[in-house]
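# Observations on chain architecture
One letter stands for each residue in the lines below.
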Amino acid sequence: MGNAVAGSVKDMNGAALEIGDWVECTKARTADITTSLGYISNITGTLVTLEWTLWGTTIYDQEDMTTWGIRKVLVDVGGAKIAQNQLVANEKGVEALVTAVTDSKITLWYSAADSAEYRSVTGSAHQETLDQKDILSKKIKVRAAILTRNQRGCTRRCM
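Here goes a summary of the coordinates provided.

Here is what the cut-offs are and how they apply
- Residues numbered from 1 in each chain as written.
- Predicted model: local features only at pLDDT ≥ 70, side-chain atom pairs only at ≥ 80, totals over all residues.
- Heavy atoms only, no water.
- Helix = DSSP H or I, 4+ residues; strand = E, 2+ residues; numbered from the N terminus.
- Buried < 20%, exposed > 50% of the residue type's maximum accessible area, 1.4 Å probe, protein only.
- Contact = heavy atoms within 4.5 Å.
- Salt bridge = Lys/Arg side-chain N within 4 Å of Asp/Glu carboxyl O.
- Phe/Tyr/Trp six-rings, centres within 6.5 Å; stacked < 30°, edge-to-face > 60°.
- 1 Å grid on protein atoms, 1.4 Å probe; cavity = no way out; pocket = protein on both sides within 12 Å on 5 of 7 lines; lining within 4 Å.
- Points joined across faces, edges and corners; volume = space filled by probe spheres on them.
- Nonpolar A, V, L, I, M, F, W, Y, C, P; charged D, E, K, R; others polar.

Below, the discussion takes up the overall build of the protein chain. Helix and strand content of the protein chain: three helices and 10 strands. Counted from the first residue to the last, the protein chain has its helices and strands arranged as β-β-β-β-α-β-β-β-β-α-β-α-β. The buried share of the protein chain, reckoned over its 159 residues, is 33%. A separation of at least 24 residues holds for 46% of the contacts in the protein chain among residues at least 6 apart in sequence.

Shown next as structure tokens:
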């Protein structure tokens, strides 16, 4: 973790940040900041260097992390944020549903019907928990969000 003591810099929720982590800003004054994710390229003491996908490199201290609501997120192999209820796939095209997300891990659910690879091992549905390194090594890619009826804005019976 660079020159910093492990766990010395934390996001707004208290999660330890390390080089290679991805973050998002939750307290922006402009709309564009919330659509951009940042990659931690360096940590020196209590200063974090973030490389934002939309507007370049910025250095933050611990106070900035709280002020701007910087929080750790997990991303797919293409740099897209992973969220609960998304459909993802690995490099072989095997699809899974993201059933849980924390600041450091995701849980995937593979249907036995969708995955001969896992069906042969378990004979039924299969769950897997991955951290950011696993997500990248398995080339997990977001395919689509699975929206609930309420998330789609349905106020009466609809598909």
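On to the pattern of salt bridges. A complete count under the given rule lists seven salt bridges for this structure. As a salt-bridge pair, K81 and E24 come within 3.0 Å of each other at their nearest N and O atoms. Of this pair, K81 sits in the loop between β5 (70-73) and β6 (86-89) while E24 sits in strand β1 (residues 22-25), and the two are 57 residues apart along the sequence. Residue class for E24 comes out buried when judged on its relative accessible area of 8%. The partner of D76 in a salt bridge is K141, and the shortest N-O contact between them spans 4.0 Å. Highlighted residues: D76 in the loop between β5 and β6 and K141 in strand β10 (residues 141-145), separated in sequence by 65 residues. Overall, K141 belongs to the partly exposed group, its relative accessible area being 39%. Taken together, the shared-partner salt bridges connect E24, R71 and K81 into one network.

Within this structure, the stated rule accounts for two aromatic pairs. The interplanar angle of 70° and the centroid separation of 6.2 Å between the aromatic rings of W52 and Y60 together place this pair among those described as edge-to-face. An identical accessibility class is assigned to W52 and Y60; each is buried.

Attention shifts here to the layout of surface pockets. Sizing a probe to match a water molecule and rolling it over the atoms shows the empty space that remains. Its volume calculated, the largest pocket comes out at about 290 Å³. In terms of lining, the largest pocket is formed by 15 residues, of which the most central are E18, D21, K72, Q132 and K133. The set of elements that each furnish at least two residues to the lining of the largest pocket consists of β5 and α3 (132-137). A per-element tally of the lining of the largest pocket places α3 first, with three residues. A per-class count over the lining of the largest pocket returns six nonpolar, three polar and six charged.

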